[in-house]
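Below, each chain spelled out in residue letters.
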Amino acid sequence: MRTINIPFSSCQGLALQNLETRVAAIALTRYCARMDGRQRAPHQLPPGRHGLSHAYVAQNQRERIMSAVVQVARETGYSGLTIREVITAAGVSRRTFYELFSDKDSVFLAAYDHVVGRLAHDVRESTTRGGDWPQQISLGLATFLGRLASDPAVAHLCVVEILAAGPAALSRRSAAMDAFRPFLEPGCREAPDGVEPPPLAVELAIGGVYEVVYTYVLEDRTSELPRLHADLLQIALLPFLGLRRAAAEAARARRRVPV
Amino acid sequence: MRSPGGTQSWAQLPPGRHGLPRSFVAQNQRDRILAAVADVTSAASYAEMTVADIIACAGVSRRTFYEHFQNKEGAYLAAYDEAVGRLLESVRWAYSSHERFADRVRAGVEMFVAMVTADPGFARMCLVEVMGAGPDALRRRDAAMAQFAAMLDENARSLLDAPPSSIIAETVVGGLYEVIYSRLVRGELRQLPELVPELVHALLLPYLGPERAIEERDRVEREGPMLAIPQLGQLARAPRAPEQQ
């Protein structure tokens, strides 16, 4: 059986979440089996009558376009990104593009929201597997660094290109940074006696991690990010837990998470 | 730029024959263009800024502009380099005028905060618009951040007993940047000076530990600013008149 490959790691899994899309996927797979022999890009839908619902097709095209934005922006940067390159990479017509997005800005922001939403979702999910708060942060941070490392194009879009995409993009980025606050805020209640977390601790920890990640992505060292896990964890936990406990948590992370 | 009444801005040179050497005139024009970049970016983003805005604000002709710079990006990068150079130099001066590590950090933070609050246009240009000004600008920002981090790191290594992990300085500088950046973007620049004690607290914490960082914060709160900084506007950018004639 052939599977549908949407080359957009952050989208994968999403497309098969509800029943309607599962049914659509089965219809598609059967159709693809019939159409064997014709040349299509693996992520493109077959042409002609295929029995797929309009909503499914639109969603598939939308995801392909956003995926193309991520890939193209990696090569050209936001300023060099053109709709022509996006539609070529996505394998959709210009008309289809404009049915789904109004312009370059809107598609760029949609792609950003999508990948950041996915990233925040994965981080949140991994934190729930932690027993205590420091371990939750440890797991969340490991997921964050691991996801970025496994998809450098997504990392580049979220961390570097978003800064070059104008005022609306900058406020999206600020909102995304704020989305990580709830993970750290409980740390203020974790402080042992004698430790008084600075009121700016959450902001500084997020900004600090971002800066290090940003430097690595800019220098094309995205794949090395997971190695920083224990060091970044220690720095993030320090304001909340004090020197000794933060160092102990970092040591625990070094043992648990193979680098 | 001539105003309708025929008056000139203070920083402009008199028109016609004035006997001033050519190099002086060129330097004056260049300074005015760089100052204009900061003024324009305080009102418009880098993307919105045009050469027309810059020359109108600087009071130079389009031809003069292109004698000095190739395009808007060239002028922006020159203005950025000069402004950030001044910022680094001033922070380094404040920092090195003290012996104790905690005092150095405190003086450096005070200087940084004083310079960005004294001139919001300068601050936006250095800290916000640089993010949207293309790959060359991002590389320069990266280099500037690395210099701030290196300043902190060198001192921490020589002044503290145990050598710190090398990414501490980077996260500390990045955290400070984020706090200032978000205040700038939200238009809350005036609140920054009140945050100095907490910034010192947070910066010292990874190096000195929670107890001593809190002691130092309390000390900053008790003693108030340790720097008496005269004429901050002049520190922040090339000399300019405060008002028009």
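Described below are features of the structure shown in this document. Keep in mind that this is a model prediction, so the values were computed, not measured. (Residues numbered from 1 in each chain as written. Chains lettered and ligands numbered in written order. Predicted model: local features only at pLDDT ≥ 70, side-chain atom pairs only at ≥ 80, totals over all residues. Heavy atoms only, no water.)

A count of helices and strands for chain B gives 11 helices and 0 strands. Going from the N terminus to the C terminus, chain B shows its helices and strands as α-α-α-α-α-α-α-α-α-α-α. For chain B, the proportion of its 245 residues judged to be buried stands at 54%. If you take every contact in chain B between residues at least 6 apart in sequence, the share linking residues at least 24 apart comes to 68%. (Helix = DSSP H or I, 4+ residues; strand = E, 2+ residues; numbered from the N terminus. Buried < 20%, exposed > 50% of the residue type's maximum accessible area, 1.4 Å probe, protein only. Contact = heavy atoms within 4.5 Å.)

With that settled, consider the packing of helix α7 (residues 152–160) of chain A against helix α11 (residues 201–218) of chain A. All names here are of chain A. Two numbers describe how α7 lies on α11: the axes approach to 10 Å, and their chain directions differ by 125°. Classified by the angle between their axes, α7 and α11 sit oblique to one another. You can see that α7 and α11 cross each other, and the crossing is left-handed. Residues Ala155, His156, Val159 and Val160 of α7 pack against Tyr210, Val213, Tyr214, Val217 and Leu218 of α11. Across the contact of α7 with α11, the residue classes tally to 8 nonpolar, 1 polar and no charged. (Axes fitted to C-alpha atoms, helices over the stretch in contact; angles between N-to-C directions. Parallel < 35°, antiparallel > 145°, perpendicular 65-115°, else oblique. Left-handed = near helix turned anticlockwise from the far one by under 90°. Nonpolar A, V, L, I, M, F, W, Y, C, P; charged D, E, K, R; others polar.)

This part takes up the interface of chain A and chain B. Listed per partner, the contact involves 30 residues of chain A and 32 residues of chain B. Summing both partners gives a buried area of about 2,800 Å² for chain A against chain B, and 67% of it is carried by carbon and sulfur. Broken down residue by residue, the surface that chain A buries against chain B is led by Leu200, Leu204 and Glu211 of chain A, which jointly contribute 20%. With a closest N to O distance of 3.0 Å, glutamate 178 of chain B and arginine 173 of chain A form a salt bridge. Where chain A meets chain B, there are 5 residue pairs in polar contact (both at pLDDT 80 or more). Contributions of two or more residues to the side of chain A that touches chain B are made by α8 (167–179), α11 and α12 (229–256) of chain A. (Buried area = accessible area lost by both parts, 1.4 Å probe. Salt bridge = Lys/Arg side-chain N within 4 Å of Asp/Glu carboxyl O. Polar contact = N/O pair within 3.5 Å; in protein donor to acceptor, adjacent residues only side chain to side chain.)

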